[in-house]
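# Observations on the model geometry
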Amino acid sequence: MAAARRRGAGRGRPTLEEVAARAGVGRGTASRVINGSPRVSDRTRAAVEQAVADLGYVPNRAARALAANRADAVALVIPEPETRLFAEPYFSDIIRGVACELADTDLQLLLTLVRTAKERQRLADYLAAHRVDGVLMISAHAADPLPDVLERIDIPAVLGGRRSARETVAHVDSDNLGGARSAVAHLAERGRRTIATITGSLDMYTAQCRLDGYREALDAADLPRDPDLVERADFTEEGGRRAMAALLARRPDLDAVFAASDVMAAGARRVLRQHGRKVPDDVALVGYDDSPVARHMDPPLTSVRQATEEMGRAMVRVLLEQMATRESPATVPGTRPHLVLPAELVPRDSS
């Protein structure tokens, strides 16, 4: 067998025609065997597989993908600036999960940032040409038209998170409502009575759910909903700093803060320190994500853990299932696969 491979190597790369001739079948039959078609007999399949082994034949992936109308690639689309991508552990965890789940497949991963309307249109044109077999998208904002474009061009797609409770595109999400509720309930149980929150961008369903969870926990603890204790930010550290400064200016009597991300909590922590507020003695602080930021803060930050890497893996599994069944994401609204992963509070010294 090794000698046969060496003879094949000496003549150049073995061709499909040579495989067919050695197996005593036609080129089309050999192609069907190599591409996994069930429409061949066991005897023919064995003959072709033996010829492949004898000649050392390696299929041309590009030609196979073209013949099967496949690109052998998946796009991971992130509609955020690169400053957020590299500053927030959430994105690296998602990417790690996606890459790990794709590692055992033959699919290439294309990472695409979409920051402007022009870039969005260019991506839409690229996807409409079926340059990829499926799309993963995270950090979708409520008004983002790209998920609707994915439905319209009939390409398998899965969102990490969702644009609203009525999302029609397949998605994998975290229990943001329950996670936020547990964080604020924890603060109330520790005796805090003037609990503020720093929200994420409220054009994102994730941020809306975390704000709703904060409000529900206040209601459950018989604490009033005070608009002066709510400050909108944008999931960035700078946003957390600005929000914390605004909250202290309005309500210097606050004794706890729930920040909707660890990165924003880090910004809030800096402002509290500048104002001479001790954490947790004067102000208890809780974040969200349970990222390395939380574990390395001083004091270590109580945070809500969401299975971010598992979310990336789950997104790939849902997408691969869609691709395997050739299911279109543009069927009856509300029938798309969806999965909500649990969130868990991790208490530390900041609260």
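A brief structural summary. (Residues numbered from 1 in each chain as written. Predicted model: local features only at pLDDT ≥ 70, side-chain atom pairs only at ≥ 80, totals over all residues. Heavy atoms only, no water.)

### Quick word on the nonpolar core
One recurring pattern in soluble globular proteins: nonpolar side chains tend to sit buried together. We apply this condition: Among buried residues, the Ala, Val, Leu, Ile, Met, Phe, Trp, Tyr and Cys ones that are joined through side-chain atoms within 4.5 Å form a nonpolar core. Exposure classes here rest on a 1.4 Å probe applied to the protein chains alone. A residue is buried below 20% of its type maximum, exposed above 50%, and partly exposed in between. Secondary structure follows DSSP: runs of H or I at least 4 residues long count as helices, runs of E at least 2 residues long count as strands, and numbering of each begins at the N terminus. Contact between two residues is taken to exist if any of their heavy atoms lie within 4.5 Å; hydrogens are not considered.
If you look at the biggest cluster of nonpolar residues, it comprises 45 residues, and the most contacted ones within it are I195, I198, M244, L254 and F258. Listed by contribution, the elements that provide at least two residues to this core are α10 (176–189), β6 (195–199), α11 (205–220), α12 (237–250), β8 (256–259), α13 (262–274) and β9 (284–289). The greatest single-element share of this core, amounting to 6 residues, is contributed by α13. Every residue in contact with M244, bar those within four places of it in the chain, is listed here: I198, L254, V257, A268, V271 and L272. The next biggest cluster of nonpolar side chains, apart from the first, holds 24 residues, and it includes I78, V98, L102 and V318.

### Overview of the pattern of salt bridges
Going by this rule: Salt bridges are counted wherever a side-chain nitrogen of Lys or Arg sits within 4 Å of a carboxyl oxygen of Asp or Glu.
Enumeration over the complete set of coordinates arrives at 32 salt bridges. Here R270 and E237 are joined by a salt bridge, their closest N and O atoms 3.7 Å apart. Here R270, found in helix α13, pairs with E237, found in helix α12; they are 33 residues apart in sequence, far enough to count as distant. On the basis of relative accessible area, E237 is assigned to the partly exposed category, the value being 30%. With its nearest N and O atoms 2.8 Å apart, the salt bridge here joins D290 to R348. You can see D290 sitting in the loop between β9 and α14 (292–296) and its partner R348 sitting in the segment after β12 (343–346), a full 58 residues away along the chain.

### Describing the packing of aromatic side chains
Both the distance between ring centres and the angle between the ring planes are used here to describe each pair of aromatic rings. Spelled out, the test is: Here the aromatic set is Phe, Tyr and Trp, taking the six-membered ring for Trp, and pairing holds for ring centres within 6.5 Å; pairs whose planes are under 30 degrees apart are stacked, those over 60 apart are edge-to-face, and all others are tilted. Counting as a charge over the ring demands two things of the Lys NZ or Arg CZ atom: a distance within 6 Å of the ring centre and an angle within 35 degrees of the ring normal.
According to the stated counting rule, one finds 2 aromatic pairs in the structure shown. Between Y90 and F91, the ring centres sit 5.4 Å apart and the planes meet at 80°, which makes this aromatic pair edge-to-face. Just as Y90 is buried, F91 falls in that class too. Over the ring of Y288 we find R210, and its NZ or CZ is 3.7 Å from the ring centre.

### Focus: the side chain of D133
Formally: N or O atoms closer than or at 3.5 Å make up a polar contact, with two conditions inside protein: a donor-capable atom paired with an acceptor-capable one, and, for residues adjacent in sequence, both atoms drawn from side chains.
With respect to the helices and strands, the residue D133 is situated in the loop between α8 (117–128) and β3 (134–138). Among the residues examined, D133 registers a relative accessible area of 15% and is labelled buried. From its side chain, D133 meets the backbone nitrogen of D72 in a polar contact 2.6 Å long.

### Looking at the sheet that holds strand β1 (residues 73–78)
Threshold: Strand pairing follows a simple DSSP-based rule, namely that at least 2 bridges must link the two strands. For helices, the axis comes from a line fit to the C-alpha atoms of the stretch in contact; other axes are also lines fit to C-alpha atoms, and the angle between any two N-to-C directions lies between 0 and 180 degrees.
Across the sheet, 6 strands lie side by side as β2-β1-β3-β4-β5-β11; this open sheet has parallel pairing. Each end of this open sheet is capped by a strand with a single partner; those strands are β2 (108–113) and β11 (338–341). The mean angle between the axes of side-by-side strands here comes to 15°, regardless of whether they run parallel or antiparallel. Pairing between strand β5 (residues 171–174) and β11: 4 bridges, direction parallel. Bridging across to β11, V172 finds its partner in L339. Each of β1, β2, β3 and β4 (157–160) is contacted by helix α7 (residues 89–102), which is oriented at about 160° to β2, the strand it contacts most.

### Quick look at helix α4 (residues 42–55)
Note on helix geometry: an α-helix contains 3.6 residues per turn, so any two residues three or four positions apart are oriented the same way. Basically, it comes down to this: Here, expected helix span is obtained from the residue count minus one, scaled by 1.5 Å. Think of the arc as the fan of directions from the helix axis to the C-beta atoms.
Taking 1.5 Å per residue as the helical rise, α4 with its 14 residues ought to reach 20 Å, and the 20 Å between its terminal C-alpha atoms agrees with that figure. Along α4, the residues that are buried comprise T44, V48, A51, D54 and L55. In an axial view of α4, the angular spread of the buried residues amounts to 125°, which keeps them on one side of the axis. Backbone geometry just after α4 places G56 at a positive phi near 70°.

### Thoughts on empty space enclosed by the protein
Threshold: Grid points spaced at 1 Å and placed over the protein atoms alone form the basis of the search, with a cavity being a set where a 1.4 Å probe fits but cannot get out and a pocket an open set showing protein on both sides within 12 Å along at least five of seven lines. Lining residues have an atom within 4 Å of a point. Grid points are joined across faces, edges and corners, and a volume is the space filled by probe spheres set on the points. Any residue outside Ala, Val, Leu, Ile, Met, Phe, Trp, Tyr, Cys, Pro, Asp, Glu, Lys and Arg is labelled polar, Gly included; the first ten of those are nonpolar and the last four are charged.
This model, assessed by the stated rule, comprises 4 cavities of 30 Å³ or more. Around the largest cavity, the lining comprises 20 residues; the ones closest to its centre are Y90, M204, T206, R210 and F235. Counting only elements with at least two residues in the lining of the largest cavity, the list comes to α7, β5 and α11. Lining of the second largest cavity is provided by E88, P89, Y90, F235, S261, D262, V263, D289 and S291. Among the secondary structure elements, those contributing two or more residues to the lining of the second largest cavity are α7 and α13. Per-class residue counts for the lining of the second largest cavity are 4 nonpolar, 2 polar and 3 charged.

### Describing the pairing of strand β10 (residues 302–306)
Within β10, 4 of the 5 residues are buried, leaving the element largely enclosed by the surrounding structure. Bridging between β9 and β10 involves 4 bridges; their strand directions are parallel. Bridge pairing links V286 to T302 in β10. Here 4 bridges tie β10 to β12, and the two strands are oriented antiparallel to one another.

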